[in-house]
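As a plain string of letters, each chain reads:
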Amino acid sequence: MQKPFIFGALALISLAGGAHADVTWEHSASISLGNTKPLVKFNLRNDWSGDNHRARFSFDAGSAAGMAGGMGSGVPARGTLDVIERLGDDKLIFALRNSTNTGVEQYVEEPYSTLKSRLRINFFEAFDPKFAATAEPVPALTDAQRKRLGQELRAFTRPIAKATSRQYFRALPNTRVINGLTSHGYRFTSMTKIPETIGAGKGQWVRMASELWVTTGREGDDEILSFTQRANEKKEGAATVSMWINEIMPIMMEAMPEESQAYLAAFIGKKGDANYGFKGTPTQFSFTVTPPPAVQMMSGEIRFRADLKSRSNTPIAARAFATPTEGQQIKIEPFLGIIRNLVKQGRDQIEKGLGNLM
């Protein structure tokens, strides 16, 4: 008589073991100037479910627009943008919602895996046709070569940087409970010296102080990590068809001071680590920019702060990741054609200009 109950329980356990945990974050953020009320407010909601992710970014710049006497340029004071990633059917969607956030006005839907290669506009073709966009593969350095080159660059620039830039980083020793979640923190401070006038020997310091608080070990963390790493695989590959441009960013990242690299690693980990891409749920992030005294008297400090409002594992409906059924669909191909034509015109202008000089 007990066998059906036992078999049913085993079946439920088996189904539970194979299920994934949906995760939702919601953060609120703001930008303030001096002691004024926030000039711009943000709300960011992230939803993860299996092969799907949606980031809904909303902003309210009504206060800033009021101070500026209105948004004369036509830029809206409020808006909402959805960014949807669907790894299962290889879709990337950008959807601009209306001012009341009740519907979609315009959207772009493109294949995720090929979009990056289609966006590789080759500006170097303007100098020499042999750097055509079809010239693949683009040569790349290895990670070890980038690291070595970045370290050499850092050693070469250290004497100059020491006089104009200082960084301090440390992991905070005590945990803090933020919105009910035990979090551990990191503090980073950067000092940058700017000249008072061109050629002046003296200078003034600009200070940027930042704190990051993260909670780990939460249900669904492994789901977010898995999604992030799989999405990063789709984004891999050369960003442009120029080896020089492609290598600038990773080499400069390696050339950053160790303190800056440590703070970045607190966000996303270190490349090669098992948890690279996701270190935990940010519960609080802030930074304050303190300009020199003369500037501070006029504008005050610039402050940005983001706080976790909620984190839940409530099941997410599939419609959250669906392609919009309303609004105007925009194709990117016409825009790419315009840019490529501008590159061709640029090459013609360069050749014409050089001809006139000769």
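Quick caveat: nothing in here was measured; it's all calculated off a predicted structure.

Caption draft 1: Broad picture of the overall build of the chain. From N to C terminus, the chain includes nine helices and 13 strands. Residue burial in the chain is summarised as follows: out of 358 residues, 33% are buried. Excluding contacts between residues fewer than 6 apart, the proportion of contacts in the chain whose partners are at least 24 apart in sequence is 62%. Accessible surface computed for the chain: about 21,900 Å², of which carbon and sulfur atoms make up 61%.

Caption draft 2: Layout of the nonpolar core. Ranked by internal contacts, the top residues of the largest apolar core, which has 18 residues, are Trp25, Trp48 and Ile224. Listed by contribution, the elements that provide at least two residues to this core are strand 1 (23-33), helix 3 (112-118) and helix 5 (221-235). A per-element tally of this core places helix 5 first, with four residues. With 14 residues, the next largest nonpolar core counts Ala29, Leu39, Tyr186 and Ala266 among its residues.

Caption draft 3: View of the packing of aromatic side chains. Scanning the entire structure with this criterion turns up eleven aromatic pairs. For the ring pair Trp25 and Trp48, a centre distance of 4.8 Å and an interplane angle of 70° mean the geometry is edge-to-face. Pair noted here: Trp25 is in strand 1 and Trp48 is in strand 2 (residues 40-49), with a separation of 23 residues, a long-range link. Summarising the burial analysis for this pair, Trp25 and Trp48 share the class buried. Here Phe188 and Tyr263 contribute two aromatic rings whose centre-to-centre distance is 5.1 Å and whose plane-to-plane angle is 10°, an arrangement assigned as stacked. One end of the pair, Phe188, is in strand 9 (residues 181-195); the other, Tyr263, is in helix 7 (residues 258-268), and 75 residues separate them in sequence. For the pair Phe188 and Tyr263, one class covers both residues: buried. Members of the aromatic cluster, connected to one another through ring pairs, are Phe169, Tyr186, Phe188, Tyr263, Phe267, Phe285, Phe287 and Phe304.

Caption draft 4: Broad picture of the environment of Ala318. Here Ala318 is to be found in the loop between strand 12 (302-312) and strand 13 (328-329). Separated by 266 residues in the primary sequence, Ala318 and Asn52 place their C-alpha atoms 8.9 Å from one another.

Caption draft 5: Structural context of the side chain of Thr80. Considering the arrangement of structural elements, one finds Thr80 in strand 4 (residues 78-86). The buried category is assigned to Thr80, whose relative accessible area is 6%. Here the side chain of Thr80 touches Ser58 through a polar contact of 3.0 Å, side chain to side chain. Residues within four places of Thr80 in sequence aside, it is in contact with Arg56, Phe57, Ser58, Ala95, Leu96, Arg97 and Asn101.

Caption draft 6: Broad picture of unusual backbone geometry. The backbone phi angle of Asn101 is positive, close to 60°, even though this residue is not glycine. Relative to the helices and strands, Asn101 resides in the loop between strand 5 (91-97) and strand 6 (104-111). If you check the backbone angles, Asn179 has positive phi at about 55° while not being a glycine. Taking relative accessible area as the criterion, Asn179 reaches 47% and is therefore assigned partly exposed.

Caption draft 7: Spatial organisation of helix 4 (residues 143-164). Taking the largest bend as the criterion, helix 4 deviates by roughly 55°, centred on Arg158, and proline Pro159 comes between one and four positions later. Of the surrounding secondary structure, the elements contacted by the buried residues of helix 4 are helix 6 (243-255) and helix 7.

Caption draft 8: Here's a closer look at helix 6. Over its 13 residues, helix 6 extends 18 Å from the first C-alpha to the last, a length consistent with the 18 Å expected when each residue adds 1.5 Å. A maximum bend of about 25° is found in helix 6 at Met249, where proline Pro250 lies one to four positions downstream. Restricting attention to buried positions, one finds in helix 6 the residues Asn246, Glu247, Ile251 and Ala255. Where the residues of helix 6 are buried, they touch helix 4 and helix 7.

Quick notes on the rules
Along every chain, residues carry numbers that run from 1 in the direction the sequence is written. Only residues with pLDDT of 70 or above have their local features reported here, since the model is predicted, and side-chain atom pairs are shown and tallied only from 80 upward, although totals for entire chains, interfaces and linings are computed over all residues. Note: side-chain values were computed over all heavy atoms of the structure, leaving out hydrogens and water. A run of DSSP states H or I qualifies as a helix once it reaches four residues; a run of E qualifies as a strand once it reaches two. Both are numbered from the N-terminal end. Each residue gets one of three labels from its accessible area relative to the maximum for its type: buried under 20%, exposed over 50%, partly exposed in between, using a 1.4 Å probe on protein chains only. Two residues qualify as a contact provided that any one of their heavy atoms is within 4.5 Å of a heavy atom in the partner residue. Using a 1.4 Å probe, accessible areas were evaluated by the Shrake-Rupley method; residue-level cover was limited to the displayed protein chains. What makes a nonpolar core is a set of buried Ala, Val, Leu, Ile, Met, Phe, Trp, Tyr and Cys residues whose side-chain atoms join them at distances within 4.5 Å. Side-chain rings of Phe, Tyr and Trp, where Trp is taken by its six-membered ring, are said to pair if the distance between their centres is within 6.5 Å; with planes under 30 degrees apart they count as stacked, over 60 as edge-to-face, and otherwise as tilted. Distance and chemistry together define a polar contact, namely a pair of N or O atoms within 3.5 Å, with one atom able to donate a hydrogen and the other to accept it when in protein, and with adjacent residues in sequence counting only for side-chain atoms on both sides. Here the bend at each residue means the angle between axes fitted to two seven-residue stretches, the one ending at that residue and the one beginning there. Multiplying 1.5 Å by the helix residue count minus one yields the expected span of that helix.

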